[in-house]
Amino acid sequence: MEYSDQLQRKLHFKDKPKRIVSLVPSLTELLVDLGLEDKIVGVTKFCINPKHLRKEKTVVGGTKQVHIYKIKALNPDIILCNKEENTLAIVESCEQIAQTHVSDIYTVEDCHELITMYADLFDCSDKAKLISDTIKQEQKDFEKFISNKQSIQTAYFIWKNPWMVAGKDTFINYLLSLNKFQNYYENLDRYPEVDLDSNKNENVELVLLSSEPYPFKEIHKEELKKYYSNAKVLLVDGEAFSWYGSRLTKAFKYFKKLHQELVS
């Protein structure tokens with residue numbers, strides 16, 4: 001059997017893969033929601049949803065640094081990676097162990113494509129269709145909700161020391177756009193460092209501090225207000241803005257609540 005991943009690389013199997021190592025937290029969550037928890041044998045330390053999983057599966061490292069020997073010992077049929085989450089070196093090392101499927105996500109449509117790929121790979125079409133249909137309906141309802149909202153100049157922070165934001169060519173930027181949060185740093189690539197002292201930020205109306213990968217807290221809101229004097233500063237759920245897959249079934253309801261908070 002031949003399959004393709006989202007980089008158009010070919011994968012070959014004699015049988016449907018039954019032993020899965022996932023190196024992507026959001027995709028681990030998707031596997032569980034697809035009914036594939038029993039087939040997962042290895043996860044990362046960042047695979048925090050569902051919470052019990054790391055106690056029951058072998059933790060093989062993080063997303064940027066993995067213990068290849070631990071993956072090899074699990075004798076997986078397939079290893080799931082992501083172009084952004086995992087390094088090329090990790091992917092190449094994984095390919096020496098088992099067929100390695102690499103996702104590449106920038107839009108919700110890319111998420112639907114990946115869910116369809118997993119449905120075929122793991123023979124779970126019914127649950128995959130339910131997840132995709134739910135995401136489509138939630139997005140449709142949200143787009144109706146957001147249709148009369150005004151665009152807001154927004155900065156989305158992901159890290160401190162150094163300060164880093166989400167720029168263009170990211171899934172976060174795509175979801176910001178759906179929310180009519182006009183990314184103030186959209187002209188910068190990927191996840192750039194920003195020098196707050198050298199930037200004039202008077203035009204920024206909203207600053208969003210993500211809960212991950214850096215765990216921003218209330219104290220950081222006050223710190224950023226010094227640089228964005230005209231902006232409202234909020235802590236937001238980073239998983240809603242960056243976790244693709246089945247998390248999107250919940251994300252759009254979260255976005256509605258966020259917009260309601262903005263006007264409260």
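See above for the structure.
Residues numbered from 1 in each chain as written. Predicted model: local features only at pLDDT ≥ 70, side-chain atom pairs only at ≥ 80, totals over all residues. Heavy atoms only, no water.

## Observations regarding the overall build of the protein chain
In terms of regular secondary structure, the protein chain is built from ten helices and twelve strands. Over its C-alpha atoms the protein chain spans a radius of gyration of 19 Å, differing by no more than 12% from the 18 Å that the globule rule assigns to 264 residues. Overall, the C-alpha framework of the protein chain stretches about 60 × 40 × 35 Å when taken along its three principal axes. Across the 264 residues that make up the protein chain, the buried fraction comes to 50%. Counting only contacts in the protein chain whose residues sit at least 6 apart along the sequence, the fraction spanning at least 24 positions is 61%. (Helix = DSSP H or I, 4+ residues; strand = E, 2+ residues; numbered from the N terminus. Rg over C-alpha atoms; globule rule 2.2 N^0.38 Å. Buried < 20%, exposed > 50% of the residue type's maximum accessible area, 1.4 Å probe, protein only. Contact = heavy atoms within 4.5 Å.)

## Quick notes on the packing of aromatic side chains
On inspection of all chains with the given rule, the structure shows 17 aromatic pairs. Ring geometry for tyrosine 3 and phenylalanine 13: centres 5.9 Å apart, planes at 65 degrees, overall edge-to-face. One end of the pair, tyrosine 3, is in strand β1 (residues 2–4); the other, phenylalanine 13, is in the loop between β2 (10–12) and β3 (20–22), with ten residues separating them in the sequence. Comparing tyrosine 3 with phenylalanine 13, the two get one shared label, buried. Each ring, one from tyrosine 118 and one from phenylalanine 122, has its centre 5.6 Å from the other, and the planes form 70 degrees; the classification is edge-to-face. Taken together, the positions of tyrosine 118 and phenylalanine 122, both in helix α5 (residues 108–122) and four residues apart, correspond to about one turn of that helix. For the pair shown, tyrosine 118 and phenylalanine 122 are each scored as buried. Three or more aromatic residues joined by ring pairs make a cluster, and in this case those are Phe142, Phe145, Tyr156, Phe241, Phe252, Tyr254 and Phe255. (Phe/Tyr/Trp six-rings, centres within 6.5 Å; stacked < 30°, edge-to-face > 60°.)

## Considerations on the pairing of strand β11 (residues 206–210)
Among the five residues that make up β11, five are buried, leaving the element largely enclosed by the rest of the structure. Burial of β11 is two-sided: the residues Leu206, Leu208 and Ser210 facing one way and the residues Val207 and Leu209 facing the other way are all buried. Bridge count between β11 and strand β12 (residues 232–236): five bridges; the pairing is parallel. Bridging from a neighbouring strand, leucine 206 pairs with lysine 232 of β12. (Pairing = 2+ DSSP bridges.)

## Looking at the environment of glutamate 261
Mapped onto the fold, glutamate 261 is located in helix α10 (residues 248–262). According to the relative accessible area criterion, glutamate 261 is partly exposed, its value standing at 37%. Remark: the alpha-carbon pair of glutamate 261 and serine 4, spanning 257 residues in sequence, is separated by 42 Å. Filtering out sequence-adjacent residues up to four positions away, glutamate 261 remains in contact with Lys232 and Leu234.

## Some details on helix α7 (residues 171–178)
Taking burial as the measure, the eight residues of α7 include six buried ones, the bulk of the element. Within α7 the residues assigned to the buried category are Phe171, Ile172, Asn173, Leu175, Leu176 and Leu178. Within two residues after α7, lysine 180 carries a phi angle of roughly 60 degrees, on the positive side.

## What to know about the nonpolar core
Tyr118, Phe122, Tyr156, Leu208, Phe241 and Leu248 are the most contacted members of the largest nonpolar core, which has 56 residues in total. For this core, the element with the most residues is α5, which contributes nine residues. Apart from residues no more than four positions distant in its own chain, leucine 248 is found in contact with Val108, Cys111, Ile135, Phe171, Leu175 and Trp243. Core analysis: the next-biggest nonpolar cluster, separate from the first, contains 16 residues, Val165, Val194, Leu209 and Phe216 among them. (Core = buried A, V, L, I, M, F, W, Y, C linked by side-chain atoms within 4.5 Å.)

## Overview of helix α4 (residues 88–95)
Turning to α4, its buried residues number three or more, namely Ile90, Val91 and Cys94. Along the long axis of α4, the arc covered by the buried residues comes to 100 degrees, so they all point the same way. If you follow the buried residues of α4, they end up packed against α3 (68–73), β6 (78–82) and β7 (99–103). (Arc of directions from axis to C-beta.)

## Regarding the pairing of strand β4 (residues 40–43)
It is a general feature of regular strands that their side chains alternate between the two faces of the sheet. Here β3 runs beside β4; their pairing, made up of two bridges, is parallel. Residue valine 21 lies in a different strand from β4, and its bridge partner there is glycine 42. Note on the crossover from β3 through helix α1 (residues 25–33) to β4: the handedness is right-handed. Across two bridges, β4 lies against strand β5 (residues 58–59) in parallel orientation. (Right-handed = clockwise from strand over helix to strand, strands pointing away.)

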